[in-house]
Amino acid sequence: MIQKTGMFMTELARLASLLIDLQKRDQLPIYATPKEALQFSIDHGYGDLAFKVRRLWENAS
């Protein structure tokens, strides 16, 4: 169980880092709300990644 949790959190961190890097590259405004950030990701072609990160984060809570 602990090993699965660790792997889950590692994957969540990896995907979240990738999403942040993409958003920085495409110049997401730093004051964007979560809803605006999601729409930004969709508009820039990586909405699927944003939804996956969001789903993993919600499952971790």
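Residues numbered from 1 in each chain as written. Predicted model: local features only at pLDDT ≥ 70, side-chain atom pairs only at ≥ 80, totals over all residues. Heavy atoms only, no water.

As enumerated under the stated definition, the model contains three salt bridges in all. For the salt bridge of R14 with E11, the shortest nitrogen-to-oxygen distance reads 2.9 Å. Here R14 pairs with E11, and both are found in helix α1 (residues 2-25), just three residues apart, close to one helical turn. You can call E11 partly exposed: its relative accessible area is 30%. Salt-bridge contacts for D26 lead to R25; the nearest nitrogen and oxygen are separated by 3.1 Å. (Salt bridge = Lys/Arg side-chain N within 4 Å of Asp/Glu carboxyl O. Helix = DSSP H or I, 4+ residues; strand = E, 2+ residues; numbered from the N terminus. Buried < 20%, exposed > 50% of the residue type's maximum accessible area, 1.4 Å probe, protein only.)

The subject of this paragraph is the side chain of Q23. Tracing the chain through its elements places Q23 in helix α1. In this structure, Q23 is in contact with L28, A37, F40, S41 and Y46, ignoring residues within four places of it in sequence. (Contact = heavy atoms within 4.5 Å.)

So, about helix α2 (residues 34-43). Here α2 has its buried residues at A37, L38, F40 and S41. Axial view of α2: buried residues confined to an arc of 160°, hence all on one face. Turned more than 90 degrees away from the buried face of α2 sit K35 and D43, all of them exposed. (Arc of directions from axis to C-beta.)

Below, the discussion takes up the environment of L49. Within the element layout of this structure, L49 appears in helix α3 (residues 47-60). Taking the C-alpha atoms as reference points, L49 and A16, 33 residues apart in sequence, are found 8.5 Å from one another. Not counting residues up to four positions away in its chain, the partners in contact with L49 are L15, L18, L19 and L22.

A few words on the side chain of S41. By the element assignment, S41 lies in helix α2. The exposure class of S41 is buried, given its relative accessible area of 0%. At 2.9 Å, the side chain of S41 forms a polar contact with the side chain of Q23. Those residues in contact with S41, other than ones at most four positions away along the chain, are L19, Q23, Y46, G47 and A50. (Polar contact = N/O pair within 3.5 Å; in protein donor to acceptor, adjacent residues only side chain to side chain.)

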